[in-house]
Amino acid sequence: MSETARPDGIPGSSLSGPFPVGHYAARLRTRLREFARVQVFGEVFGFKAGRARVWFELRDGAGALPCSMWRGDWDALGIHALADGAQIVAAGGCDYYAGSRTSSPQFSFAVTGLRLAGEGDLLAQVERLRRTLHAEGLTEPQKRLIRPALPRTIGVVTGEGGKARDDVLAGLRRRGWGGRVVWAFAPVQDRHAAPAITRALQDLAACGEIEVIVIARGGGSLADLFAFCDETLCRTVAMLRVPVISSVGHHSDHTLIDDVAAVACSTPTHAAEAAVPVDCTAARAALRAQAARLERQSTRAIVERARTLARLSRAPAHHIARHRARLHQQLRELRASSARAVSEGRRANLRRGAALERNARPDRDRARRLDTLSLAIAAHDPQRTLERGYALVEGPEGVPVTSAAAAATWPELSLRMRDGSVRVRPDRDVP
Amino acid sequence: MSEVASPTYESACARIEAIIARLDSGEAGLRETLELCQEGRTLVEFCAGELEAVGQGLEELRLGELVTRLES
């Protein structure tokens with residue numbers, strides 16, 4: 001719709017207009033800013049800190065006012081935060097953001113000055129005490145204590161009927177922890193609370209068995225939690241030799257006991273888990289696994305070395321067996337080689353024999369002829385005649401005597417017979 | 001007079017981890033391996049005892065009851 005297109009008004013209405021809403025919003029902002037700037041007081045609710053501004057509501061029994069403050073002005077106050085219920089005095093005036101087609105309008109009481117009142121005064125006291133405790137170094141001793149990973153006995157200071165008690169037990173059970181819990185019940189809210197809690201802490205710490213102490217309380221207003229900002233209580237906690245784990249109020253609350261305790265947790269359940277850092281269920285499983293690994297390593301160390309020894313002890317036998325196998329192989333090769341050589345030699349000899357055979361044939365013919373001749377000669381051998389009983393007459397020096405006339409010329413003759421010779425003298429008288 | 005400090009659960013766990021890491025490295029000799037295994041078994045028994053001590057079921061006592069028990 002165009003800015004200039006003004007629709008008709010409601011028939012019968014006596015009111016002026018209609019006016020463009022942006023024009024009316026701008027006029028409204030002007031009128032609101034003309035309201036007298038004043039101081040208002042009430043309880044803070046819903047404090048939120050943004051980059052540019054902080055927002056909260058200021059309430060009392062008759063009404064409420066949305067408030068905002070530039071972040072720079074807020075930081076200059078040096079206040080950490082405003083808890084719900086904190087009483088303040090705020091100085092400022094009305095303001096109105098007229099919005100636009102794409103953003104929502106917003107009314108707020110623009111705070112330019114702020115003072116803590118009532119509980120706010122308490123907050124200021126707390127902040128002063130906080131600075132003192134820090135300056136005296138009392139926030140450190142507890143944090144330097146060694147917290148046992150697996151305490152057997154845990155002391156717990158809490159209200160007897162509070163939900164914090166159940167939360168602590170739930171946290172311990174979630175850890176799988178089944179040790180001893182020693183309850184030191186104490187009021188956690190009224191003017192008797194701080195001395196009672198201090199006494200309970202001292203009594204618990206005096207029992208040598210208590211290894212860690214949990215202080216637990218649920219949420220509440222600053223006044224409700226103020227007991228946990230008590231100076232004596234905080235100094236007592238700081239000087240205890242037993243670690244103290246605090247869980248007071250909600251995560252947005254920040255009591256002084258959180259500063260001096262060894263650990264500050266946002267819930268009693270977390271405090272219980274901080275008291276037993278070890279997840280016992282997981283630790284039992286891990287320990288079983290570690291024990292099994294140790295046994296495996298032990299067995300492996302022995303078995304591996306036993307195998308090595310066995311391997312080493314077998315080594316000489318293997319060496320001999322290897323050599324024996326090689327010798328057998330060489331022997332087989334030698335035999336095979338010899339057989340081959342003999343076979344080849346035999347074949348070569350046969351070849352040579354055949355060649356000799358061929359070459360020796362004329363000699364054999366000649367030998368046969370020689371034998372024939374020998375036989376022929378032997379047939380004429382005088383010895384053969386002698387063998388048949390004849391005698392051979394020989395003269396001196398074995399000259400055969402073949403006639404009587406020749407025999408008569410020799411004085412002595414020799415008769416050679418089959419079995420020997422005899423000497424004879426020829427008889428000259430015989431004709 | 002000096003006393004040998006008894007191990008805490010945390011120190012025992014840390015030592016077991018160190019022993020296993022050493023054994024896993026394979027650099028330990030036989031004698032060292034056996035000694036480490038023996039030490040590891042002792043520590044595992046100690047840790048098991050610690051876990052057993054907080055594994056018997058949660059016991060709740062009032063401070064007064066504990067004091068009475070300690071004084072008796």
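Residues numbered from 1 in each chain as written. Chains lettered and ligands numbered in written order. Predicted model: local features only at pLDDT ≥ 70, side-chain atom pairs only at ≥ 80, totals over all residues.

1. Describing the packing of helix α11 (residues 280-379) of chain A against helix α2 (residues 30-53) of chain B
Stage number 1. Running from N to C, α11(A) and α2(B) point in directions that differ by 160°, and their axes come no closer than 10 Å. With respect to α2(B), the element α11(A) is oriented roughly antiparallel. Where α11(A) crosses over α2(B), the two elements pack in a sense that is left-handed. Of α2(B), the residues touching α11(A) (which contributes C280(A), A283(A), R284(A), L287(A), Q290(A), A291(A), L294(A), Q297(A), S298(A), A301(A) and R305(A)) are L30(B), T33(B), L34(B), C37(B), G40(B), R41(B), V44(B), C47(B), A48(B) and L51(B).
Stage number 2. By residue class, the composition of the contact of α11(A) with α2(B) is 13 nonpolar, five polar and three charged. (Axes fitted to C-alpha atoms, helices over the stretch in contact; angles between N-to-C directions. Helix = DSSP H or I, 4+ residues; strand = E, 2+ residues; numbered from the N terminus. Parallel < 35°, antiparallel > 145°, perpendicular 65-115°, else oblique. Left-handed = near helix turned anticlockwise from the far one by under 90°. Contact = placed C-beta atoms within 7 Å. Nonpolar A, V, L, I, M, F, W, Y, C, P; charged D, E, K, R; others polar.)

2. Some remarks on the nonpolar core
Stage number 1. Of all hydrophobic cores here, the largest spans 91 residues; its most connected members are I197(A), I213(A), V214(A), V237(A), I245(A) and I257(A).
Stage number 2. Excluding anything up to four places from it in sequence, I257(A) contacts I215(A), F228(A), L233(A), C234(A), V237(A), S246(A) and V248(A). (Core = buried A, V, L, I, M, F, W, Y, C linked by C-beta atoms within 7 Å. Buried ≥ 20, exposed ≤ 12 C-beta atoms within 10 Å, placed from the backbone.)

3. Some words on the interface of chain B and chain A
Stage number 1. Residue-level contacts link 31 residues of chain B with 30 residues of chain A.
Stage number 2. Listed by contribution, the elements that provide at least two residues to the side of chain B that touches chain A are α1 (9-25), α2, β1 (55-62) and α3 (63-71) of chain B.
Stage number 3. If you tally residues by element for the side of chain B that touches chain A, the top one is α2(B), at twelve residues.
Stage number 4. In terms of residue class, the side of chain B that touches chain A is built from 19 nonpolar, six polar and six charged.

4. Some words on the sheet that holds strand β13 (residues 420-424) of chain A
Residues and elements named next belong to chain A.
Stage number 1. Ordered in space as β11-β12-β13, the three strands form an open sheet in which the pairing is antiparallel. Each edge of the sheet is formed by a strand with only one pairing partner; in this case those strands are β11 (392-394) and β13. This sheet shows a mean twist of 25° between the axes of neighbouring strands, independent of strand direction. (Pairing = 2+ DSSP bridges.)

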